[in-house]
Structure formats: structure tokens, C-alpha cells
Amino acid sequence: MKIAFFDSGMGGLSVLHHATKILPQEEFIFFADEDNVPYGTKTPEEVLGFVDAAFKFLIAQEVGAIVVACNTATSVAVKAMREKYSLPIIGMEPALKVALDTFPNKKVLVAATAITITGEKIHRLIKNLHAENFAELKALPRLVEFAERLEFNSAAVEKYLRDELAACDWKNFSSLVLGCTHFNYFKDTLKKILPPHMKILDGNAGTVNELIRRTNLKPEHAEKISSVKFFYSGRRVTDAAELLRLKKFLRRLDEMYTL
Ligand code: DGL
């Protein structure tokens, strides 16, 4: 099946990266809206317009399912896209439920973009999980900028994270939930900064499992490389320098995969 993965930029590659490991026989399209990244600091109306344009392009590619590998786009636009199109549309959900189920009575810090943490979707999730006293939200917008320029573990990244997380009293927390797909690139620096008891949870496996469930795909653990076509805002990526840039992101994700 031809499956599209869509993100504002390079964060969604982390979800695709996981999918290629367990669905090597499928054909993937990766659409990064590089002309408009970041989404998280824009208005919800602007983001809805970007997602709408990306979906028009992806539907024209005759894909069988679309994974919105972006928490921000999911928060703003997945409902509208599901009303408009009948194919399976899988969104991202922060792994808050997993964190609360695994570590009851402990707090969870959900890091995401500004749009995601002010959006109705995450507050509904917190309410449904009765987690008002356990979930704290934190915007880390600069991580999106760092990731887009392949700056993963510089001194500036570490300082930014140390400053932003300095106020947390970690003894009350069990875990940090990555509520933005771009944050997967920083697992090593986060591990370095957080106390050893803190777990880092992402939503990638949950999202790919949901894709499998909705499409009846068969997971396979074969050593086969899935076919992926890359697009930046609707333009096929063929330039050698751009393909090398993508390779660097994927290499980084390989390093972060088991952390
Ligand atoms: N990767 C995105 C997310 O998961 C958004 C990053 C951005 O464009 O601000 O939220």
C-alpha cells in the first residue's frame, strides 16, 4: 500500500523511520512542508490552510492512508481532514496515557509546540484521562528550529534545554512525553539533563500500531528497505545535497532509536 507521512518538516521522519522498520514491504511518501515550517508558532488558521494544501497534494498521489506525523497539525486539522476525506487518517497523540498507566500517581511533563499546548485537543485528552493534577505542559519551540538545521547536540541545545527545564521539581515526575515529533532528535541531550529515573516517551510506536490496525497491514521484521519518495511542500526531492540532508536526519534517528 502507498502510505503518506506528513509533517511541517523533519520531525515526522521519526515516525516514518519507525514504520520502515516494521513495514518494510510498503511504499511510502514523506511530505515535509519545508516552505512553511515551523507550524507551532503560527496561527491555527494558517496551519489549517497548510495542512489542507498538503492533503490535496497527497490525495492526488492516490495514497491509501495518511499519517499526520505532526502533533501540531493533528491538533489543529485532523478533524477537518477526516470530515473531508474518507481514507484512513492517523494522527499523533502524545503518549500521556501510557505514561500515566505505567507510573500511576506521578506527574508527566508533556513537551510540545505552543499551538499544541494551547489547543483544545490536548486539554480534552487530559480531562478524559482525569489527569488535571498530573499533566504539565511545556512549549519548547526552539527545538524545532534546532532540528531543522541539523543542530542536535550542540552546547546551545543543551543550554536551551537546561534553562527551559530548570524549574521542574523532577522528584514528582515519572516521565517526559514528547508531544512534538521534532523532539525525537534530542533524546540524548534530554537523557543527559534529566535525572536517571525520568523516562522519555514518544508517540511513534503508538501511531504506527494505529496505522497497522486501521489498514490491516502485516508487520514484518525483514531486512528489506522500504521504498520512500520524499517531497518538500509538493516538490519531489531529487537534488543530491537535499537527499544527503535527509540521510543525515535518518542517521540521527537511527542513533536515537533505542534511547
Ligand atoms: N513536528 C511538529 C509536531 O509534531 C511541529 C513542529 C513545528 O512545525 O512547529 O508538533
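An account of the accompanying structure is given in this report.

This brings us to the sheet that holds strand β6 (residues 135-139). Within the open sheet, the four strands sit side by side as β6-β5-β7-β8. Their pairing is parallel. Bordering the open sheet on either side are β6 and β8 (199-201), each of which pairs with just one other strand. Neighbour-to-neighbour, the strand axes of the sheet open up by a mean angle of 25°, direction not taken into account. Alignment of strand β5 (residues 107-112) against β6, held across five bridges, turns out to be parallel. Bridge pairing in β6 places Val-110 opposite Leu-137.

Turning to the sheet that holds strand β2 (residues 27-32), a few remarks are in order. Reading across from one edge, β4-β3-β1-β2-β9-β10 is the order of the six strands in this open sheet, with mixed pairing throughout. Edge positions in the sheet fall to β4 (89-90) and β10 (235-236), since each has one partner strand and no second. Taken together, the four bridges between strand β1 (residues 2-7) and strand β3 (residues 65-68) define a ladder with parallel strand orientation. In the strand pairing of β3, Phe-5 is matched with Val-67. Packing of helix α1 (residues 13-22) onto the sheet brings it into contact with β1, β2, β3 and β9 (227-232), and relative to β2 it is tilted by some 170°.

Attention now goes to the side chain of Asn-71. Mapped onto the elements of the fold, Asn-71 is located in helix α3 (residues 71-84). Judged by relative accessible area, Asn-71 falls into the buried class, the value being 5%. Within polar-contact distance, the side chain of Asn-71 engages the backbone oxygen of Gly-179 at 3.4 Å. With sequence-adjacent residues up to four places away left out, Asn-71 is seen in contact with Met-92, Glu-93, Pro-94, Thr-116, Gly-179, Cys-180 and Thr-181.

Attention now goes to the pairing of β9. Here six bridges tie β2 to β9, and the two strands are oriented parallel to one another. Counterpart to Ile-29 in the pairing with β9 is Lys-229. Summarising the sheet, β9 and β10 pair through two bridges and their orientation is antiparallel. Each bridged residue has a counterpart across the sheet, and for Tyr-232 the counterpart in β10 is Arg-235.

Judged by nonpolar contacts, the single largest core of 54 residues is most densely connected at Phe-5, Leu-13, Tyr-185, Phe-186, Leu-190 and Leu-211. A total of five residues in this core trace back to one element, the largest contributor, which is α1. The residues touching Phe-186, leaving out its near neighbours within four places in the chain, are Leu-143, Phe-146, Ala-147, Glu-151, Phe-152, Val-157 and Arg-252. Counting residues in hydrophobic clusters, the runner-up holds 24 residues, among them Ala-4, Val-68, Cys-70 and Tyr-85.

The subject of this paragraph is empty space enclosed by the protein. Tallied over the entire structure, the rule returns one cavity of 30 Å³ or more. For the largest cavity, the calculated volume is near 110 Å³. In terms of lining residues, the largest cavity is bounded by 15 residues, among which Tyr-39, Gly-40, Thr-72, Thr-113 and Val-144 are the most central.

Below, the discussion takes up unusual backbone geometry. The general pattern is negative phi for most residues beyond glycine and trans for most peptide bonds. In this chain, Val-37 is followed by Pro-38 through a cis amide linkage whose omega measures 0°. As for its position among the elements, Pro-38 is in the loop between β2 and α2 (44-60). The backbone of Glu-62 sits at a positive phi, close to 60°, despite the residue not being glycine. The residue Glu-62 is located in the loop between α2 and β3 in this model. Here the phi dihedral of His-130 falls at roughly 50°; this positive angle occurs in a residue that is not glycine. Its location among the elements puts His-130 in the loop between α6 (120-128) and β6. Assessed through its relative accessible area of 65%, His-130 is described here as exposed.

The rules behind these values
- Residues numbered from 1 in each chain as written.
- Predicted model: local features only at pLDDT ≥ 70, side-chain atom pairs only at ≥ 80, totals over all residues.
- Heavy atoms only, no water.
- Pairing = 2+ DSSP bridges.
- Helix = DSSP H or I, 4+ residues; strand = E, 2+ residues; numbered from the N terminus.
- Axes fitted to C-alpha atoms, helices over the stretch in contact; angles between N-to-C directions.
- Contact = heavy atoms within 4.5 Å.
- Buried < 20%, exposed > 50% of the residue type's maximum accessible area, 1.4 Å probe, protein only.
- Polar contact = N/O pair within 3.5 Å; in protein donor to acceptor, adjacent residues only side chain to side chain.
- Core = buried A, V, L, I, M, F, W, Y, C linked by side-chain atoms within 4.5 Å.
- 1 Å grid on protein atoms, 1.4 Å probe; cavity = no way out; pocket = protein on both sides within 12 Å on 5 of 7 lines; lining within 4 Å.
- Points joined across faces, edges and corners; volume = space filled by probe spheres on them.

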